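# Observations on chain architecture
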Amino acid sequence: MKACKIPESVLVVIHTPQLEVLLIERTDNPGFWQSVTGSRDTPDEPLLQTAMREVMEETGITADAGQFVDWAVSNIYEIYPAWRRRYAPGVTHNTEHVFSLCVPQGTSVRLSPREHTAWQWLPCLEAADLCFSPSNAEALLMLPKFIA
């Protein structure tokens, strides 16, 4: 029996210094573009470790802990009904913690074909318009406030 997903996740906005944002298209929902997201593997997995793991798993990008910026922003949202089967019975909401990662322009991307089918770099505002998730779009619009 497959373990239930933990309803606590990270959203990692990967961007270049020029504020181009990496979006990836979901395999199970063509047309659903998003930043890197993923749930904790265990309840005590540090959120930064979750962010590092998910970035590597979904994009092939390796980054040190010091390269990530924890925005100290959390979103609580209702889990789409189609995806609730992945969680324990009765779980309807997820808490998402936002991070960002700045990478050099031209950084190579290697998708996990199990999860994503395509990727693209877009200007921040254009990327926000394409995201299916309201919290993801909002994070992209907030990005300029969090870059050093």
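These lines cover the structure that appears in this document, whether it is placed above or below. Quick caveat, the model's predicted, so the values are computed rather than measured. Sequence order sets the numbering: in each chain, residues are counted from 1 along the sequence as written. A pLDDT threshold of at least 70 governs which residues receive local features in this predicted model, and a stricter bar of 80 or more applies before side-chain atom pairs are shown or counted, although totals over entire chains, interfaces and linings include all residues. Side-chain metrics rest on all non-hydrogen atoms present in the structure, leaving aside hydrogens and water.

## Side note on the overall build of the protein
Rules: Numbering of helices and strands runs from the N terminus, with a helix taken as a DSSP run of H or I at least four residues long and a strand as a DSSP run of E at least two residues long. Both definitions apply: the radius of gyration is a C-alpha atom measure, and the globule rule equals 2.2 Å times residues to the power 0.38. Residue burial is assigned from relative accessible area. The probe radius is 1.4 Å, only protein chains are included, and a residue is buried under 20% of its type maximum, exposed over 50%, and partly exposed in between.
Secondary structure summary: the protein contains 3 helices and 7 strands in total. Scanning the protein from its N terminus toward the C terminus, one meets helices and strands in the order β-β-β-β-α-β-β-β-α-α. Taking 15 Å as the expected radius of gyration for a compact globule of 148 residues, we find that the protein reaches 14 Å, a close match to that expectation. Expressed as lengths along the three principal axes of its C-alpha atoms, the size of the protein is roughly 45 × 30 × 25 Å. By residue count, 45% of the 148 residues in the protein fall in the buried class.

## Observations concerning the packing of aromatic side chains
Heads up, the rule is: Here a Phe, Tyr or Trp ring, Trp counted by its six-membered ring, pairs with any other such ring whose centre lies within 6.5 Å, and the pair is stacked when the planes are under 30 degrees apart, edge-to-face when over 60, and tilted otherwise. Ring-over charges, as used throughout, are those where CZ of Arg or NZ of Lys falls within 6 Å of the ring centre and within 35 degrees of the ring normal.
Going through the model one piece at a time under the given rule, you end up with 5 aromatic pairs. Residues W83 and F132 carry aromatic rings whose centres are separated by 6.1 Å and whose planes lie at 75° to one another, so their mutual orientation is edge-to-face. Pair noted here: W83 is in the loop between β5 (68–78) and β6 (93–102) and F132 is in the loop between α2 (124–130) and α3 (134–146), with a separation of 49 residues, a long-range link. A residue is classified by how much of its surface remains accessible, and W83, at 14% relative accessible area, is buried. Ring pairing ties together the aromatic residues F32, Y80, W83 and F132, which thus form one cluster. The ring of W83 carries the charged tip of R26 above its face, separated from the ring centre by 4.6 Å.

## Looking at the pattern of salt bridges
Definition in use: One side-chain nitrogen of Lys or Arg within 4 Å of one carboxyl oxygen of Asp or Glu is enough to make a salt bridge.
For the structure on display, the rule yields 9 salt bridges. The partner of D28 in a salt bridge is R26, and the shortest N-O contact between them spans 3.0 Å. Through salt bridges with shared partners, a single network forms among D41, E45, R53, E54 and E57.

## Considering the side chain of E25
So the rule is basically this: His residues and chain termini do not enter the charge count, which takes Lys and Arg as positive and Asp and Glu as negative. The criterion used for residue contact is that any of the two residues' heavy atoms lie within 4.5 Å.
Within the secondary structure layout, E25 lies in strand β2 (residues 20–26). Buried and without a salt bridge, E25 has R26 as its closest oppositely charged side chain, separated by 9.9 Å. Excluding its chain neighbours within four sequence positions, the residues that come into contact with E25 are P30, G31, F32, W33, E115, H116, T117 and A118.

## Structural notes on the environment of P123
Checked against the element boundaries, P123 lands in strand β7 (residues 116–123). Considering only alpha carbons, one finds P123 and L22, 101 residues apart in sequence, at a separation of 9.0 Å. Leave out the neighbours within four places in its chain, and P123 touches L19 and E20.

## Thoughts on the nonpolar core
Threshold: As used in this record, nonpolar core signifies buried Ala, Val, Leu, Ile, Met, Phe, Trp, Tyr and Cys residues forming a set joined through side-chain atoms within 4.5 Å.
Among the nonpolar cores identified, the biggest contains 18 residues, and V12, I14, V55, I61, F68 and L101 are the most heavily contacted of them. V12 has contacts with S35, V36, A51, V55, F68, F99, S100 and L101, leaving out every residue within four places of it along the chain.

## Observations concerning the pairing of β6
Rules: A pair of strands is labelled paired if DSSP reports no fewer than 2 bridges between them.
In terms of burial, β6 is largely enclosed, as 7 of its 10 residues are buried. As defined by bridge partners, strand β1 (residues 8–15) adjoins β6 across 8 bridges and the pair is classed as parallel. Across the sheet, I14 pairs through a bridge with L101, a residue of β6. Relative to β6, β5 is paired through 8 bridges, and the arrangement is antiparallel. Paired with V69 across the bridge in β6 is S100.

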